[in-house]
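Reading the structure
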Amino acid sequence: MAAKMENSSELKIDFVLGEHDSNAAKGKIVIECIKYLLYERHQVPTTVDQILRYTELEMAEGGRNVVSRRPTVSSRNDSKKRIQLYNDLKCLFQNVEHLFSSSTVSSVVLVFGSTAVSPKESYVINFQTNVNSIKGSNDIKSESSQKRLSRKLIRTLVMNQELRSFKEISSTPLLVFVRVPRSVENSWFKPKQSFKIPWRGNFCRILVKDTEMTEEEEAIREEDLVWLQAPVPIKGYNEKVKDASAVYSDFWN
């Protein structure tokens, strides 16, 4: 294997699920990971949840800027970017949730860069989980599990000093890839048969596991998996932001 690029870094993070955590909960932690990385890697000026709430309020106001009643050209441009980001994220999150609720997802790869061939950063989330893991539900127990795992994930990411020491990257699209069984029924994600996990740039591997799987089980699944790509690249803003540890300090309290 070729040597990694100079000034690149690689790290591994283990994240353990509870024995009865559902597929819906796994989809939720992927969504929270996307939210966190967009903010922590300086792709958006504030947290994604704040952007979503602000944009909903702005659209409820009839498209007017909710801060300035006489918006400047700059503020109008920012408004357009927020609304586009809002629509793209809502669509992405909805389809991620549907995919996890209807199929067994083996891996998710989040790539910061214009292409997956030579990215600035890559985050690989591998699910070492039982094939028969429980499907998601809308009951109170499942929602409570999702919130608990989200807090646990954010704490793990924020407290990892190696991850937060990655060199700052400029504004760039976020590409999302998922690996699922070939039999999956999904019309939104598009097949990407040529995709290979990138090794250039900073690289973080997050291993999410519940029960241990035998090598034989993994080999059987490996032969029947296919890569899909989200058809919408996520484009944020490149502005100076506050330290993420302070922003998320009350997230897990």
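Quick note: structure is the one above.
Please read these numbers as outputs of a predicted model, since none were measured by experiment.

**What about empty space enclosed by the protein?**
The tally for this structure, following the rule as stated, stands at 1 cavity of 30 Å³ or more. Size it by volume and the largest cavity reaches roughly 40 Å³. Phe15, Ile29, Val30, Cys33, Ile125, Leu153, Ile206 and Val208 together form the lining of the largest cavity. When residues of the lining of the largest cavity are traced back to their parent elements, those giving at least two are helix 1 (23-40) and strand 6 (202-209).

**Description of the state of the cysteines**
Tallied over the full model, the rule gives 0 disulfides. As a non-bridged cysteine, Cys33 has Cys204 as the owner of its nearest cysteine sulfur, 7.7 Å distant. With a relative accessible area of 0%, Cys204 lands in the buried category.

**Describing the pattern of salt bridges**
Side chains that differ in charge, positive against negative, can pair when their charged atoms come close. Inspection of the entire model under this criterion finds 6 salt bridges. Among the salt bridges present, the one from Glu32 reaches Lys28, with a minimum N-O distance of 3.4 Å. You can see Glu32 and its partner Lys28 sitting in helix 1, 4 residues apart, about one turn around the helix. Given the relative accessible area of 22%, Lys28 is considered partly exposed. Across the pair Arg41 and Glu121 runs a salt bridge, and its minimum N-O distance is 2.6 Å. A residue pair is termed long-range when its members are at least 10 positions apart, and Arg41 in the loop between helix 1 and helix 2 (48-60) and Glu121 in strand 3 (residues 121-128) qualify at 80 residues. The network of salt bridges with common partners includes Lys28, Glu32, Lys35 and Asp49.

Analysis parameters
- Numbers given to residues run from 1 along each chain, matching the order in which its sequence is written.
- Local features in a predicted model are, by the rule used here, given only for residues with pLDDT of at least 70; side-chain atom pairs are given and counted only at 80 or more, and totals for whole chains, interfaces and linings are based on all residues.
- Heavy atoms from the whole structure form the basis of all side-chain values; hydrogens and water molecules are not counted.
- Only protein atoms enter the 1 Å grid, on which a cavity is a set of points fitting a 1.4 Å probe that cannot get out and a pocket is an open set with protein on both sides within 12 Å along at least 5 of 7 lines, lining residues being those with an atom within 4 Å of a point.
- Grid points are joined across faces, edges and corners, and a volume is the space filled by probe spheres set on the points.
- Secondary structure elements are defined from DSSP: runs of H or I of at least 4 residues count as helices, runs of E of at least 2 residues count as strands, and each element is numbered from the N terminus.
- When the sulfur atoms of two cysteines come within 2.5 Å, that pair is taken as a disulfide.
- Three labels apply to residues, based on accessible area from a 1.4 Å probe with only protein chains included: buried if under 20% of the type maximum, exposed if over 50%, partly exposed otherwise in between.
- Take a side-chain nitrogen of Lys or Arg and a carboxyl oxygen of Asp or Glu: if they are within 4 Å of each other, that pair is a salt bridge.

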